[in-house]
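Coordinates in review
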Amino acid sequence: MDIAIRAAVKEDCPRLMELVNELAVYEKAPDEVTVTLEHFIESGFGKNPVWWAFVAEESSTRKIEGFALYYIRYSTWKGQRMYLEDILVSEEARGNGIGKMLMDRLIEEAKEKNFKGITWQVLDWNEPAINFYKKYNASFDPEWVNCSINV
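The structure reproduced in this document is the subject of the present report. Sequence positions are assigned chain by chain, starting from 1 and proceeding in written order. Where local features are concerned, this predicted model is filtered to residues with pLDDT of at least 70; where side-chain atom pairs are given and counted, the filter is 80 or more; whole-chain, interface and lining totals use all residues. Derived side-chain values reflect all non-hydrogen atoms in the structure, with water molecules and hydrogen atoms excluded from consideration.

1. Concerning the nonpolar core
Heads up, the condition is: Put simply, buried Ala, Val, Leu, Ile, Met, Phe, Trp, Tyr and Cys residues joined by side-chain atoms within 4.5 Å make one nonpolar core. Throughout, exposure labels follow a simple rule: accessible area from a 1.4 Å probe, protein chains only, divided by the maximum for the residue type, with under 20% read as buried, over 50% as exposed, and the rest as partly exposed. Numbering of helices and strands starts at the N terminus; helices are DSSP runs of H or I of at least 4 residues and strands are runs of E of at least 2. The contact criterion used is simple: two residues touch if any of their non-hydrogen atoms lie within 4.5 Å.
Formed by 21 residues in total, the largest nonpolar core has its most connected members in L84, L102, L106 and Y133. Mapped by element, the contributors of at least two residues to this core are β2 (52-58), β3 (64-75), β4 (79-89), α3 (98-112) and α4 (127-134). Top contributing element to this core by residue count: α3, with five residues. When sequence neighbours within four positions are dropped, the list of residues in contact with L102 reads I5, F54, V55, A56, G66, F67, A68, I87, L88 and V89. Among the nonpolar cores identified, the runner-up in size contains 16 residues, and L16, M17, I41 and W51 belong to it.

Pasting the structure below:
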C-alpha cells in the first residue's frame, strides 16, 4: 500500500464516521455512537473546532484507511497535552504500518505545537493496541479510574 498521511479536511468526515462506527463494533459497543455527522463536522471544522485529525489515505484509490483524532487537554501540573481520542486503521488495511505512520505523525505534531506529551486510553482487553503502544515505551497507569457523567 502506498499511504500518505495528511491533515483531515471537512470532506473526509463521512469516511471518518464510517471508521468511528467500525471502531465501535470492534470495541463491542456499536450502539454507543450517537454523534451525528453534522455535529462531527461542526466540531472539527466549524467556527470553533475542538478536534483535529490526521488521515491515512491510500494514494491510488484516495480511500482513507485510517485516522488519528486528537484534541488539546490541559493539565494543571504539565500544561497543554495532546489527548489522542481515537486511532484506527481499517480492518482490511491493518498490518501495513499505517498505525505507526499515524502515531509518528501525532508525535511530530505534539512536538511542533510544544505540547508536554500525549495521553490516551486503551481498553484492558485490547492486546493488539497495548502491544502497539508498548513499542513507543508508553506508560500504563493502573491507579486512575475513569469517571464520566451523562448530562
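The rest of the description comes next.
2. Notes on the sheet that holds strand β5 (residues 118-119)
Our working definition: The criterion for strand pairing is that DSSP finds at least two bridges linking the strands in question.
What the five strands build is an open sheet, ordered β1-β2-β3-β4-β5; its pairing is mixed. In this open sheet, the two strands that pair with only one neighbour each are β1 (3-7) and β5. Judged from the six bridges that link them, β2 and β3 form a sheet pairing that is antiparallel. Each bridged residue has a counterpart across the sheet, and for A53 the counterpart in β3 is L69.

3. What about helix α2 (residues 37-45)?
Residues separated by three or four positions in an α-helix point in the same direction, a consequence of the helix having 3.6 residues per turn. Stated precisely, the cut-off is as follows: Directions pointing from the helix axis toward each C-beta atom define the arc.
Residues of α2 that are buried: F40, I41, S43 and G44. Burial along α2 is one-sided: seen end-on, the buried residues are contained in an arc of 165°. Buried residues belonging to α2 abut α1 (13-26) and β3.

4. Some remarks on the pattern of salt bridges
We apply this condition: Basic side-chain nitrogens of Lys or Arg form a salt bridge, by our definition, when they fall within 4 Å of a carboxyl oxygen of Asp or Glu.
What the rule picks out here adds up to eleven salt bridges. Put simply, E22 and R94 hold a salt bridge, and the shortest N to O gap is 3.7 Å. Pair noted here: E22 is in helix α1 and R94 is in the loop between β4 and α3, with a separation of 72 residues, a long-range link. Using a relative accessible area of 23% as the deciding quantity, one classes E22 as partly exposed.

5. Here we look at the packing of aromatic side chains
For clarity, the cut-off: When two rings of Phe, Tyr or Trp (its six-membered ring) have centres within 6.5 Å they constitute a pair, described as stacked for plane angles under 30 degrees, edge-to-face for angles over 60, and tilted for the intermediate range. Whether a charge sits over a ring comes down to the Lys NZ or Arg CZ being within 6 Å of the ring centre and within 35 degrees of the ring normal.
Within the structure shown, the criterion is met by nine aromatic pairs. When the centroid spacing of 5.5 Å and the interplanar angle of 65° are considered together, the rings of F132 and Y133 count as edge-to-face. By the burial criterion, F132 is buried, and Y133 matches it. Through pairs of rings, three or more aromatic residues link up here, namely W120, F132, Y133 and Y136. Sitting over the face of the ring of W125, K28 holds its NZ or CZ atom 3.7 Å from the ring centroid. Just above the ring of Y26 sits the side chain of R94; from NZ or CZ to the centre is 5.4 Å.

All we've got here are geometric facts, nothing functional implied.
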